[in-house]
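Residues per chain, in single letters:
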Amino acid sequence: MTNIVTNKVDKYDVIVVGGGMVGAAFACALADSRLRVAVVEAKSPDLQWPKPAYDLRTSALSRASQRILESLQVWPHIEAMRASPYTDMHVWDASGKGVIHFDCADIGEPSLGHIVENGVILAALYQRLQSIGNVQLLCPATPRRLTKALDGYLFTLEQGQTLQADLIVAADGARSWVRQAAGIEAHIEDYHQTAVVTNVKTAQHHQYTAWQVFLPTGPLAFLPLTDGYSSIVWSTSPEHAQALLAMEEDEFKTALETAFAGTLGAITQVGERGAFPLRSLHATHYVKPGLALVGDAAHAIHPLAGQGVNLGFADAACLAEVLIDALAQGKHIGAFDVLRRYERWRKGDNASMLAAMSTFKSVFTSNSPLVQLGRNLGFTLTNRATPAKNFFIRYAMGLVGDLPKLAKGV
Ligand SMILES: Cc1cc2nc3c(=O)[nH]c(=O)nc-3n(C[C@H](O)[C@H](O)[C@H](O)COP(=O)(O)OP(=O)(O)OC[C@H]3O[C@@H](n4cnc5c(N)ncnc54)[C@H](O)[C@@H]3O)c2cc1C
């Protein structure tokens, strides 16, 4: 943080740094409030639609996220573009006989969730943002210096403008500039895995099922897209990921088919490939007076349970609710006690999910015969124990716990 002297300052109530999925959703959640909001985003979003190919990045959106996006009037835009509901989830251990199968019919729901391309989610959020009078998008724009003001914070943009707000919301992802500039520490754990992502078409239809096999090197997921395509998330060692990226197309198809034990038959088409190093991150604090972290800026998690952006949307919905309640009570939106309510609401839930993913990751990459036996037994028992299994599904769908109003459709 630096002290700066400036003449002209553009004043907002809230500045959101980072207009990714979580930052954009948070700004939408403040639509029509009394707050003047600016979203500062470094990259111009690619809002082109229709697109010739599927986006490389997809998200498994939980029912809670769907409800939040419905409440924000964003979901109809998503459905009008492309979203793929999945009714079943089939998970198994490659080094044993453990299998677990989830079916939405078991809990009386029409689906377990939707697989949606990140580009589609973002395009739908920006479409909504453009119709909101109290939100201004500053893009492309990058903040340079963060200074504590009497009320809130002040910063300059690379472009020269100086902005001030009662509340800065950091939604600038896992490498958050705001988090670091504000001096908030984070616990970071390298998973020593890289996720290789691509989209494929298979000889057999995916049957609207999210498939995931736990290989000794990490989990491999086939997530159902529209028209029988599947989105691949293959978490593996960094060396193996490099090798997979370097392979010729036919060699990659064979490697993928073999790793997936031909479960959906031959891989008939494969798209471009990308890779993301995986690490978990949890900020020691989510808030300071005049500042709050949301989404990956506060926590990043292994994609094996597809929860990262779902946790982020819940953060956005909870923080917006806390601020709107504070306004109604005549409180200052940057006050520490106001922001602490948000931190108390979200930090415990996010910590539990992070801990669960780290345990899953360790248990499923262990070569110890005892651990292998235990996890196969665990799969088999959980698959048979209906109440435990149904609770697990509802938890993964985000339907358990202290939900924000936006996730209840209120
Ligand atoms: C392979 C993979 C698969 C995944 N699958 C799933 C899944 O199925 N389900 C799920 O829920 N989650 C999933 N996730 C996690 C999910 O992608 C993240 O949790 C989500 O993208 C976080 O959103 P965010 O908006 O918080 O951060 P980001 O998506 O990182 O967005 C941050 C935004 O801030 C902008 N920005 C950064 N720095 C600055 C700056 N200094 N100034 C201005 N702007 C800035 C960036 O340009 C970006 O637009 C997956 C992750 C990976 C890696």
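Here, the structure is the one placed above.
Residues numbered from 1 in each chain as written. Predicted model: local features only at pLDDT ≥ 70, side-chain atom pairs only at ≥ 80, totals over all residues. Heavy atoms only, no water.

A. Examining the packing of helix H1 (residues 21–29) against helix H4 (residues 118–129) more closely. For the pair H1 and H4, the least separation of the axes is 10 Å and the interaxial angle reads 25 degrees. Taken as axis vectors, H1 and H4 run roughly parallel relative to one another. Along this stretch, H1 crosses H4, giving a crossing that reads as left-handed. Here H1 contributes Met21, Ala24, Ala25, Ala27 and Cys28 to the contact with H4, which in turn contributes Asn118, Ile121, Leu122, Leu125, Tyr126, Arg128 and Leu129. Of the residues in the contact of H1 with H4, the class split is ten nonpolar, one polar and one charged. (Axes fitted to C-alpha atoms, helices over the stretch in contact; angles between N-to-C directions. Helix = DSSP H or I, 4+ residues; strand = E, 2+ residues; numbered from the N terminus. Parallel < 35°, antiparallel > 145°, perpendicular 65-115°, else oblique. Left-handed = near helix turned anticlockwise from the far one by under 90°. Contact = heavy atoms within 4.5 Å. Nonpolar A, V, L, I, M, F, W, Y, C, P; charged D, E, K, R; others polar.)

B. Local environment of the packing of aromatic side chains. Applying the stated criterion across every chain yields a total of seven aromatic pairs. When the ring of Phe102 is compared with that of Phe392, the centres are 5.7 Å apart and the planes differ by 20 degrees; the resulting orientation is stacked. Of this pair, Phe102 sits in strand S6 (residues 99–103) while Phe392 sits in helix H11 (residues 386–396), and the two are 290 residues apart along the sequence. Ring geometry for Phe391 versus Tyr395: centroids 6.3 Å apart, planes at 10 degrees, classification stacked. Taken together, the residues span about one helical turn, with Phe391 and Tyr395 both in helix H11 at a distance of four residues. An aromatic cluster is present here, built from Trp92, Phe222 and Phe260 joined pairwise through their rings. Arg57 extends its terminal NZ or CZ atom over the ring of Phe276, reaching a point 4.3 Å from the ring centre. (Phe/Tyr/Trp six-rings, centres within 6.5 Å; stacked < 30°, edge-to-face > 60°. Lys NZ or Arg CZ within 6 Å of the ring centre and 35° of its normal.)

C. Spatial organisation of the nonpolar core. Formed by 85 residues in total, the largest nonpolar core has its most connected members in Val14, Ile15, Phe26 and Ile78. In terms of residue count, the dominant contributor to this core is helix H8 (residues 308–328) (eleven residues). Non-local contacts of Phe26, meaning those with residues more than four positions away in its chain, are made with Val14, Val16, Val169, Ala316, Leu319, Ala320 and Leu323. Formed by 31 residues, the second largest nonpolar core is a distinct cluster that contains Leu56, Val91, Ile107 and Leu112. (Core = buried A, V, L, I, M, F, W, Y, C linked by side-chain atoms within 4.5 Å. Buried < 20%, exposed > 50% of the residue type's maximum accessible area, 1.4 Å probe, protein only.)

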